[in-house]
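# Analysis of the macromolecular model
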Amino acid sequence: MTNPNLHCASIMTANTYGLKGAIKVIAKGMDGYKDKSPFEIQGICNQIDIKDNYPDSIYQSHKKLFDTAKEIIGVIDSFGRHACGIVVSTEPLEGVMGTQTVSGWDYPVTQVYMKEIDYCNFTKFDVLGLDNLGLITKSCELAGLPFLTPNSTDIVDFQDEKVWQSMVESNIGIFQFEGERAGSILRHLFSEETMKKIKERVPDIKYMDLLSLANAAQRPSGASYLESVTEGKFTDNGHDALNKFLAPTLGNLVYQEQLIQFLVDFCGWSYGQADLIRRGIGKIFAC
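Scope of this entry: the structure provided in the associated data block. (Residues numbered from 1 in each chain as written. Predicted model: local features only at pLDDT ≥ 70, side-chain atom pairs only at ≥ 80, totals over all residues. Heavy atoms only, no water.)

### Some remarks on the packing of aromatic side chains
- Per the counting criterion, the structure on display carries nine aromatic pairs.
- When the ring of tryptophan 164 is compared with that of phenylalanine 190, the centres are 5.1 Å apart and the planes differ by 25°; the resulting orientation is stacked. Of this pair, tryptophan 164 sits in helix H7 (residues 161–169) while phenylalanine 190 sits in the loop between helix H8 (180–189) and helix H9 (192–201), and the two are 26 residues apart along the sequence. Residue tryptophan 164 shares its accessibility class with phenylalanine 190, and that shared class is buried.
- An angle of 25° between the planes, with centres 5.1 Å apart, marks the rings of phenylalanine 262 and phenylalanine 266 as stacked. Of the two residues, phenylalanine 262 and phenylalanine 266 both sit in helix H13 (residues 256–267), four residues apart, roughly one turn of that helix.
- Grouping aromatic residues by their ring pairs yields a cluster made of Tyr54, Tyr59 and Phe66. (Phe/Tyr/Trp six-rings, centres within 6.5 Å; stacked < 30°, edge-to-face > 60°. Helix = DSSP H or I, 4+ residues; strand = E, 2+ residues; numbered from the N terminus. Buried < 20%, exposed > 50% of the residue type's maximum accessible area, 1.4 Å probe, protein only.)

### So, the pattern of salt bridges
- A complete count under the given rule lists ten salt bridges for this structure.
- Residues glutamate 180 and lysine 20 are paired through a salt bridge, measuring 2.7 Å at the closest nitrogen-oxygen approach. With glutamate 180 in helix H8 and lysine 20 in helix H1 (residues 19–27), this pair connects stretches of sequence that are 160 residues apart.
- Each of Lys51, Glu231 and Lys233 takes part in a single network of salt bridges with overlapping partners. (Salt bridge = Lys/Arg side-chain N within 4 Å of Asp/Glu carboxyl O.)

### Observations concerning the side chain of histidine 62
- Within the element layout of this structure, histidine 62 appears in the loop between helix H3 (56–61) and helix H4 (63–70).
- Residue histidine 62 is classed as buried on the basis of its relative accessible area of 15%.
- A polar atom in the side chain of histidine 62 sits 2.8 Å from the side chain of tyrosine 33.
- The residues contacting histidine 62, other than those within four sequence positions of it, are Tyr33 and Ile44. (Polar contact = N/O pair within 3.5 Å; in protein donor to acceptor, adjacent residues only side chain to side chain. Contact = heavy atoms within 4.5 Å.)

### What to know about H9
- Thr194, Met195 and Ile198 are the residues of H9 that are buried. Viewed end-on, H9 has its buried residues packed into an arc of 95°, placing them on one side of the element. Turned more than 90 degrees away from the buried face of H9, the exposed residues are Glu192, Glu193, Lys196 and Glu200.
- Next to the buried residues of H9 lie H8, helix H10 (207–217) and helix H11 (223–230). (Arc of directions from axis to C-beta.)

In short, shape yes, function no, at least from these values alone.
As structure tokens, then:
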């Protein structure tokens, strides 16, 4: 961002209303609700699950509030910046996409989205800052452990069920899972009932693989398999080798790396050829 030879900007994101957020904002100005405390409105929202399902009784009791809130679902309420996406150019960006500023960030932010930047083939970097890196470092110091790197993770038992259970009980500080919706996904996926179903099909499942899968499933592109993942349902692809290949993701083709490996292992392609297909698919969806 400070390189004098480059023109860089964080990539814009838009924050939109979901059902719970819409209810909260509509309630602030609706007769019969605007004088209620935030705790009363939160009590209504607490009865809505991660899939926006809710008891009919709560809907009938607050029908006008729900119906009005549904009209603004998906409406943009604010702009922000991508957690790690940065567009990089040797030419000024203001003349081709425009830039803006957002609260709490001292550098330019684009006025166009990620997909448009991809479509126009701008150079894009992913530079992710981890808020909890300092906490991890301090924890290692207090525990007398070396700073964790890919070469020192053998000191960590990633299958320690007590650790995973503590994450289910409280998602505070869990990277990418701090929010209410993400915490609910975490609790459903690692519940005793769901884990029993998963281990019946994949006995040697790795908890870290499931955490990665949950992270992918909570994104917009994971909507088609989010419910099956949180309920521990395995997608049967009708082929033993393919089911084994996709076992870490419960039978779903989720990651770009999986797509590349599939083309190599099942189609006999080279990694270079497979990567061209991966890029092509990305461009298609970007359009």
